[in-house]
Amino acid sequence: MLSRLSDRLAYLEEIAAAALAAAVTLLILVNVAFRAAGSPLYWISELAIYAMIWMTFLIASAVLKRRQSISVTLLSDLVPGFGHRLLMAAVDLAVLLFAVLLLWLCWRWYQPLALAQAGFDFRAFQGETFNFIYAENTSTLGIRKFWVWLIVPWFALSLTFHGLVNLGGALRGLRDPGQAPPEATP
């Protein structure tokens, strides 16, 4: 059940990333047209950059879920059977450890409990923690940057979930020698 949920989440991340890729293309084309007409819209460039960043994080999570990331397979190609499955489990563990570390760093970065203790008053939060994450606005869009940066905790949470599911599958593969080693999903 968790594996199916992880697959569906990765699929939704791929759809969102594809929509953002289309949006980036459209935003750049609109920006080119307005610049050619002599009246550029500066906020479009910033929006295109943020859309590209979100697209990258979303697709990275899905790619790591499907084990389709760029890799050097020299060692894993040389190791047959159980050794190959063990190496793939080690890679899944490394991805999971990275995701958990990133999730912990995001928790420390956003400090949601301290923000709640400050009554969601950004100024009081800043005064108590010297954390100014909620204070800075984007250059041209005028929105708070923490909204844009929320993709990082999302990526960490999503990757942690995908990593747990992948590692669970890899560990089941170690116990069941007849099971095929974890490979990229077609």
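For the structure, check the block above.
What this report covers is the structure whose coordinates are included nearby.

What counts and what doesn't
Residues numbered from 1 in each chain as written. Predicted model: local features only at pLDDT ≥ 70, side-chain atom pairs only at ≥ 80, totals over all residues. Heavy atoms only, no water. Axes fitted to C-alpha atoms, helices over the stretch in contact; angles between N-to-C directions. Helix = DSSP H or I, 4+ residues; strand = E, 2+ residues; numbered from the N terminus. Parallel < 35°, antiparallel > 145°, perpendicular 65-115°, else oblique. Left-handed = near helix turned anticlockwise from the far one by under 90°. Nonpolar A, V, L, I, M, F, W, Y, C, P; charged D, E, K, R; others polar. Phe/Tyr/Trp six-rings, centres within 6.5 Å; stacked < 30°, edge-to-face > 60°. Buried < 20%, exposed > 50% of the residue type's maximum accessible area, 1.4 Å probe, protein only. Polar contact = N/O pair within 3.5 Å; in protein donor to acceptor, adjacent residues only side chain to side chain. Contact = heavy atoms within 4.5 Å. Patch = residues over 30% accessible without salt bridge, like charges linked within 9 Å, V, L, I, M, F, W, Y side chains within 5 Å. Areas by Shrake-Rupley, 256 points an atom, 1.4 Å probe, with all protein chains shown as cover. Salt bridge = Lys/Arg side-chain N within 4 Å of Asp/Glu carboxyl O.

## Concerning the packing of helix H4 (residues 81–110) against helix H8 (residues 151–175)
At step 1: The geometry of H4 relative to H8 is characterised by a closest axis approach of 8 Å and an angle of 155 degrees between their N-to-C directions. Of the possible angle classes, the one that applies to H4 and H8 is roughly antiparallel. Crossing hand, H4 versus H8: left-handed.
At step 2: Among the residues forming the contact of H4 with H8, the class breakdown is 24 nonpolar, four polar and two charged.

## Points about the packing of aromatic side chains
At step 1: Evaluation of the coordinates by the stated rule reveals nine aromatic pairs.
At step 2: Measuring from ring centre to ring centre gives 5.2 Å for Phe-122 and Tyr-134, while their planes differ by 0 degrees; the resulting arrangement is stacked. Of the two residues, Phe-122 is situated in helix H6 (residues 122–129) and Tyr-134 in the loop between H6 and helix H7 (145–149); the sequence distance between them amounts to twelve residues.
At step 3: Ring-pair connections join several aromatic residues into one group, and the members of that group are Trp-109, Tyr-110, Phe-122, Phe-125, Tyr-134, Phe-146, Trp-147 and Trp-149.

## Focus on the side chain of Lys-65
At step 1: Considering the arrangement of structural elements, one finds Lys-65 in helix H2 (residues 42–65).
At step 2: By relative accessible area, which is 7% here, Lys-65 ends up buried.
At step 3: A distance of 3.2 Å separates a polar atom in the side chain of Lys-65 from a polar atom in the side chain of Asp-7.
At step 4: Other than its neighbours up to four places away in sequence, Lys-65 contacts Ser-6, Asp-7, Ala-10, His-162, Val-165 and Asn-166.

## Brief notes about the environment of Glu-128
At step 1: Within the element layout of this structure, Glu-128 appears in helix H6.
At step 2: On the basis of relative accessible area, Glu-128 is assigned to the exposed category, the value being 54%.
At step 3: Distance in space between the C-alpha atoms of Glu-128 and Leu-97 is 31 Å, their sequence separation being 31 residues.

## What to know about the environment of Thr-56
At step 1: Along the chain, the position of Thr-56 falls in helix H2.
At step 2: Judged by its relative accessible area of 42%, Thr-56 falls in the partly exposed class.
At step 3: Here the side chain of Thr-56 touches Met-52 through a polar contact of 2.8 Å, landing on its backbone oxygen.

## A short note on a nonpolar patch on the surface
At step 1: Where nonpolar side chains cluster on the molecular surface, the patch consists of Tyr-11, Leu-12 and Ile-15 and spans about 330 Å² of accessible area.
At step 2: When you line up the elements, Leu-12 lands in helix H1 (residues 2–36).

## Structural notes on unusual backbone geometry
At step 1: Of note in the backbone geometry, Gln-111 takes a positive phi value of approximately 45 degrees without being a glycine.
At step 2: By the secondary structure assignment, Gln-111 is in the loop between H4 and helix H5 (112–117).
At step 3: Accessibility expressed as a relative area gives 25% for Gln-111, which makes it partly exposed.
At step 4: A positive phi is found at Phe-130, a non-glycine position, where the angle reads about 60 degrees.
At step 5: Along the chain, Phe-130 falls in the loop between H6 and H7.
At step 6: Owing to a relative accessible area of 65%, Phe-130 belongs among the exposed residues under this scheme.

These figures capture arrangement, not role.
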